[in-house]
Amino acid sequence: MAVTATVRRRVDEDTVSVSIPSYDFPHAIRDSSKVKRGQQIELTGEVTRIDDETVTIALGPLVTVAIDKVRLVEKYRPPTRKKPLRDMVD
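Residues numbered from 1 in each chain as written. Predicted model: local features only at pLDDT ≥ 70, side-chain atom pairs only at ≥ 80, totals over all residues. Heavy atoms only, no water.

*Asks:* Break down the overall build of the protein chain for me, citing the residues and quoting the values.
*Replies:* For the protein chain, the count of helices and strands is 0 helices and 8 strands. Expected size for 90 residues packed as a compact globule is a radius of gyration near 12 Å; at 19 Å, the protein chain overshoots this value by more than 25%. Along the longest, intermediate and shortest principal axes, the C-alpha atoms of the protein chain span 65 × 35 × 20 Å. Buried positions account for 28% of the 90 residues belonging to the protein chain. (Helix = DSSP H or I, 4+ residues; strand = E, 2+ residues; numbered from the N terminus. Rg over C-alpha atoms; globule rule 2.2 N^0.38 Å. Buried < 20%, exposed > 50% of the residue type's maximum accessible area, 1.4 Å probe, protein only.)

Shown next, in the form of structure tokens:
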């Protein structure tokens with residue numbers, strides 16, 4: 001799952017404070033790119049729990065947000081092999 005957060009400020013050279021919609025606590029992430037205040041950033045993580053109206057996502061610490069603030073992101077799956085790795089015995 002992915003949630004879009006807004007950059008609040010840069011804490012130090014490799015840490016950024018972000019604001020996550022419907023999450024009422026401050027959250028900091030490691031980011032070495034040159035993001036600026038007010039810029040949108042996408043945070044992705046694994047879903048650990050789904051309730052009626054909330055979703056808990058593992059973004060380092062567990063973050064619980066409203067279900068309408070997240071979107072599904074497909075996990076990368078390598079292509080399946082059509083031919084076996086070794087020769088088949090006749």
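*Asks:* I'd like a description of the packing of aromatic side chains, backed by residues and values.
*Replies:* The relation between two aromatic rings is expressed through the spacing of the ring centres and the mutual angle of the planes. Here the structure, examined in full by the defined rule, presents 1 aromatic pair. Centre to centre, the rings of Y23 and F25 are 5.6 Å apart; their planes meet at 65 degrees, and the pair counts as edge-to-face. (Phe/Tyr/Trp six-rings, centres within 6.5 Å; stacked < 30°, edge-to-face > 60°.)

*Asks:* Help me get a handle on the pairing of strand β4 (residues 40-44), residues and values and all.
*Replies:* Burial of the side chains of β4 is restricted to one face: I41 and L43 are buried, whereas none of Q40, E42 and T44 on the reverse face is. As paired strands, strand β1 (residues 2-12) and β4 are joined by 5 bridges and run antiparallel to one another. If you follow T6 over to β4, its bridge partner there is Q40. (Pairing = 2+ DSSP bridges.)

Nothing here speaks to function; it is geometry throughout.
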